[in-house]
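# What the coordinates show
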Amino acid sequence: LAKTTQPISMDSYEGQEVNITCSHNNIATNDYITWYQQFPSQGPRFIIQGYKTKVTNEVASLFIPADRKSSTLSLPRVSLSDTAVYYCLVGEVGANNLFFGTGTRLTVIP
Amino acid sequence: DTEVTQTPKHLVMGMTNKKSLKCEQHMGHRAMYWYKQKAKKPPELMFVYSYEKLSINESVPSRFSPECPNSSLLNLHLHALQPEDSALYLCASSTQVSPSGGYTFGSGTRLTVV
């Protein structure tokens, strides 16, 4: 399983774009990159998943360079409700052993 | 239905009690999971069921006993727990054939062992 490294915490002001980078140097060919968001006392919520280049949905964008050794989750114009822990996970699609890294605690400031 | 439902939401139990946590999903997912999460820590995988069979046990103590009665239900039976077992217990499910969408987690059961 590819290990992931993320910043422990980040602060951002409301309305700004936030970019959270995840390092996964030993990612395997079959691995996808998936990001989850977790609020206190709730289960993690799937945000976005990608394999290469760029993926965008209504919530976020995911940028993956050609070597796939890192990825960046981009949250446009964050609000106070985006304050949460964001986890980057790497693994095969359909693999049934999802392991979480330490995550990044994002705090949005008014 | 796109949810994973966990009951109860909160549970306080003594060290000699026997209790059960329940998890239910009706998304047709054939993989179901139990995770344990301590405060300010990431979720830790405990058990994985695939097609109602236990496929992964992450060296969890025997005082935790999982059960998967059918493809929609997952139980976690608790007996003789210790105070350090107090945590948020999360259930999740996933399809093993979809190329995207990830796992769906429930809101968890907050367990306090006294």
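Up top you'll find the structure we're talking about.
Parameters and conventions
- Going along each chain's sequence as written, the residues are numbered from 1 onward.
- Just so you know, chain letters begin at A and ligand numbers begin at 1, following the order they were written in.
- Whole-chain, interface and lining totals are the exception, using all residues; otherwise, since this is a predicted model, local features are given only for residues with pLDDT of at least 70 and side-chain atom pairs are given and counted only at 80 or more.
- Just so you know, side-chain values use all the structure's heavy atoms and leave hydrogens and water out.
- Only buried residues count toward a nonpolar core. Its members are Ala, Val, Leu, Ile, Met, Phe, Trp, Tyr and Cys residues joined through side-chain atoms within 4.5 Å.
- Categorising residues by exposure relies on relative accessible area from a 1.4 Å probe, with only protein chains included: less than 20% of the type maximum marks a residue as buried, more than 50% marks it as exposed, and the intermediate range marks it as partly exposed.
- Think of it this way: any DSSP run of H or I at least four residues long counts as a helix, any run of E at least two long counts as a strand, and we number them from the N terminus.
- It only takes one pair of heavy atoms within 4.5 Å for two residues to be counted as in contact.
- Here a strand pair is declared whenever DSSP counts at least two bridges between the two strands.
- As a rule, the C-alpha atoms of each element are fitted with a line to give its axis, helices using only the stretch in contact, and angles between N-to-C directions run from 0 to 180 degrees.
- Salt bridges are defined by distance alone: a side-chain nitrogen of Lys or Arg within 4 Å of a carboxyl oxygen of Asp or Glu.

### Quick word on the nonpolar core
All names here are of chain B. Core analysis: the largest hydrophobic core is formed by 22 residues, its most contacted members being Trp34, Phe64, Leu76 and Leu78. Secondary-structure elements contributing two or more residues to this core are strand S2 (10-13), strand S3 (18-25), strand S4 (31-37), strand S5 (44-50), strand S7 (64-70), strand S8 (73-79), strand S9 (87-94) and strand S11 (109-113). Apart from the residues lying within four places of it in its own chain, the contact partners of Phe64 are Met46, Phe47, Leu76, His77, Leu78, Leu81, Asp85 and Tyr89.

### A look at the environment of Glu3(B)
Note that Glu3(B) resides in the segment before strand S1 (4-7). Through-space distance from the C-alpha of Glu3(B) to that of Gly106(B) is 7.1 Å; in sequence the pair is 103 residues apart.

### What to know about the sheet that holds strand S8 (residues 84-92) of chain A
Residue and element names in this part refer to chain A. If you trace the five strands from one edge of the open sheet to the other, you get S1-S9-S8-S3-S4, paired in mixed fashion. Since the sheet does not close on itself, it has two edges, and those belong to strand S1 (9-13) and strand S4 (45-50), each with one partner. When the angles between neighbouring strand axes are averaged without regard to direction, this sheet yields 25°. Two elements, S8 and strand S9 (residues 104-109), share three bridges in a ladder whose sense is antiparallel.

### Brief notes about the environment of His10(B)
Residue and element names in this part refer to chain B. Note on placement: His10 falls in strand S2. Looking at His10, the relative accessible area reads 64%, which means it is exposed. Linking His10 and Tyr35, residues 25 residues apart in sequence, is a C-alpha distance of 16 Å.

### Overview of the pattern of salt bridges
All names here are of chain B. All chains considered together, the criterion is met by three salt bridges over all chains. Between Glu52 and Arg30 there is a salt bridge, with its nearest N and O atoms 2.7 Å apart. Taken together, the residues span a long stretch of sequence, with Glu52 in the loop between S5 and strand S6 (53-57) and Arg30 in the loop between S3 and S4 at a distance of 22 residues. The class of Glu52 is partly exposed, set by a relative accessible area of 31%. When its relative accessible area of 31% is taken as the criterion, Arg30 is described as partly exposed. Salt-bridge contacts for Asp85 lead to Lys36; the nearest nitrogen and oxygen are separated by 3.9 Å. Within this pair, whereas Asp85 is found in the loop between S8 and S9, its partner Lys36 is found in strand S4, the two being separated by 49 residues in sequence. One exposure class covers both Asp85 and Lys36, and it is buried. Three or more residues are tied together by salt bridges with common partners; here these are Lys36, Arg63 and Asp85.

### Digging into unusual backbone geometry
Going from Thr7(B) to Pro8(B), the amide bond is cis rather than trans, its omega being -10°. Position of Pro8(B) among the secondary structure elements: in the loop between S1 and S2. Located in the positive-phi region is Arg77(A), a residue other than glycine, with phi close to 50°. Position of Arg77(A) among the secondary structure elements: in the loop between strand S7 (70-75) and S8. Here Ser59(B), not a glycine, exhibits a phi torsion of approximately 55°, which is positive. Assignment of secondary structure puts Ser59(B) in the loop between S6 and S7. Its relative accessible area of 72% is what places Ser59(B) among the exposed residues.

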